[in-house]
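A closer look at the structure
Below are the chains, spelled out letter by letter.
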Amino acid sequence: MSLDGLQTCPHCRALVQSNTCSICGKSTFDEVAAPPPAAKPRWSDSLNNELRKVGTALFAIALLAAGTAFVLTRPDTAPSATALPPPVSTTSAVPLPTTSERPPSLVGGARPTSGFLPGVPREVAEALSPWDTPPPVDLVSGLLLDESLDYADDIARVAELLADFPDEFVLAPLDPPEILTFDGVLDADQLEATQPFAARTLQRTAGSTPGASTLGEVWLIASGGSTAGDAYLAAARERWNREAAIDLFSPEVGLRLWLLGSDGTTDLWVSDLDDDAMILVQAPTTADPAALADVLDTWRHTQL
């Protein structure tokens, strides 16, 4: 190609006027050499290395997953009977003691005749054994009674309330003198001697037949003003809480009996004799609550 007598050298692309280039010294008729191949980018080798590492890692993960799946899904090998240890006899060669020689058990069987109860505190200095007579059971809490508490004034108050019981009715001693509770059978005489509590059988009149005239069993709990007595009475009112009553009988203003529960044969009523005394009455479901209210009302008037 020429421009005003100039032509381009096909070898170095310079402008020349003759067939021989003054720049590269080659003729325009000489064969043009093919251009050198383009150099590969430097990052191609590193890319191949990274791809090779990724492929190796994926192969290792696939191999590990296949091995784990084989271990988890393979069937368990049945144990061989010959691989088990031979049976060993558990029969003791020492003869067991007879029933009379065995000590009392805490979970049943023979029990000491001295009134043993589980949970009796034992001081090393006092050398108190489980066969020693424990303290009485607290009627309200069901735990062993704290013998450091002084209920003398409160027990005296209970005796005063019993002495002021109206003559129109009768409070007879329990026969037998036993209190049935969820904690078992308790000795009524022991309870009355150690706690501000009394239990009696309520009868209509002094001359009537006991079976026909019995209205129920009365429990009296009172405080004589001592700290221990007030706490005992408060705990009793919390346990037999009249706010949880299922029914209420109130024949007149200020006279109320709360029905705490019934098992189909016996009703449990609660009321207050005064501010420092409460009564519980366990009466047959056939008993008229008006008769119980009459006893309570008459008993209250004897305190005035």
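Residues numbered from 1 in each chain as written. Predicted model: local features only at pLDDT ≥ 70, side-chain atom pairs only at ≥ 80, totals over all residues. Heavy atoms only, no water.

Our focus in this paragraph is the sheet that holds strand β11 (residues 266–274). As a general point, the strands of a sheet are linked pairwise by backbone hydrogen bonds and lie either parallel or antiparallel. Taken in spatial order, the seven strands line up as β4-β7-β8-β12-β11-β10-β9 in an open sheet, and their pairing is antiparallel. Every interior strand has two partners, whereas the edge strands, β4 (170–172) and β9 (247–252), have only one. Ignoring which end each strand starts from, the neighbouring axes of this sheet average 30° apart. Here β11 runs beside strand β12 (residues 277–284); their pairing, made up of eight bridges, is antiparallel. From the neighbouring strand, D272 faces β12, where its bridge partner is M278. On top of the sheet, helix α2 (residues 152–163) reaches β4, β7 (197–203), β8 (214–222), β11 and β12; it is set at about 145° to β8, its chief contact. (Pairing = 2+ DSSP bridges. Helix = DSSP H or I, 4+ residues; strand = E, 2+ residues; numbered from the N terminus. Axes fitted to C-alpha atoms, helices over the stretch in contact; angles between N-to-C directions. Contact = heavy atoms within 4.5 Å.)

Quick look at the side chain of R200 now. Counting through the fold element by element, R200 comes out in strand β7. Within the local environment of R200, its side chain forms a polar contact with the side chain of E192, the two groups lying 2.7 Å apart. Dropping the residues within four chain positions of it, R200 is found in contact with L162, L171, A172, P173, L174, E192, G216, E217 and V218. (Polar contact = N/O pair within 3.5 Å; in protein donor to acceptor, adjacent residues only side chain to side chain.)

On to the side chain of T201, then. With respect to the helices and strands, the residue T201 is situated in strand β7. A relative accessible area of 18% means that T201 is categorised as buried. Not counting chain neighbours up to four residues away, the residues in contact with T201 comprise V170, L171, A172, P173, L174, T214 and G216. (Buried < 20%, exposed > 50% of the residue type's maximum accessible area, 1.4 Å probe, protein only.)

Moving on, we come to empty space enclosed by the protein. Evaluation of the coordinates by the stated rule reveals two cavities of 30 Å³ or more. The space that makes up the largest cavity amounts to roughly 60 Å³. As for the largest cavity, its lining consists of F165, L202, V218, I279, V281, L292, V295, L296 and W299. Every element with two or more residues in the lining of the largest cavity is listed here: β12 and α6 (289–301). Volume-wise, the second largest cavity comes out at about 30 Å³. Contributing to the lining of the second largest cavity are L162, L171, A198, A199, R200, V218, L220 and W299. Looking at the lining of the second largest cavity, the elements that each hand over two or more residues are β7 and β8. Among the elements that take part in the lining of the second largest cavity, β7 stands out by supplying three residues, more than any other. Grouping the amino acids of the lining of the second largest cavity by side-chain chemistry returns seven nonpolar, no polar and one charged. (1 Å grid on protein atoms, 1.4 Å probe; cavity = no way out; pocket = protein on both sides within 12 Å on 5 of 7 lines; lining within 4 Å. Points joined across faces, edges and corners; volume = space filled by probe spheres on them. Nonpolar A, V, L, I, M, F, W, Y, C, P; charged D, E, K, R; others polar.)

Take the packing of aromatic side chains next. Inspection of every chain in the model, using the stated rule, returns four aromatic pairs. With 5.5 Å between their ring centres and 70° between their planes, Y151 and Y232 make a pair best called edge-to-face. Taken together, the residues Y151 in the loop between α1 (43–73) and α2 and Y232 in helix α5 (residues 227–239) connect sequence positions 81 residues apart. Every member of this aromatic cluster is reached through a ring pair, and the members are F197, W219 and W240. Between the NZ or CZ atom of R242 and the centre of the ring of W258, over which it lies, the distance is 4.6 Å. (Phe/Tyr/Trp six-rings, centres within 6.5 Å; stacked < 30°, edge-to-face > 60°. Lys NZ or Arg CZ within 6 Å of the ring centre and 35° of its normal.)

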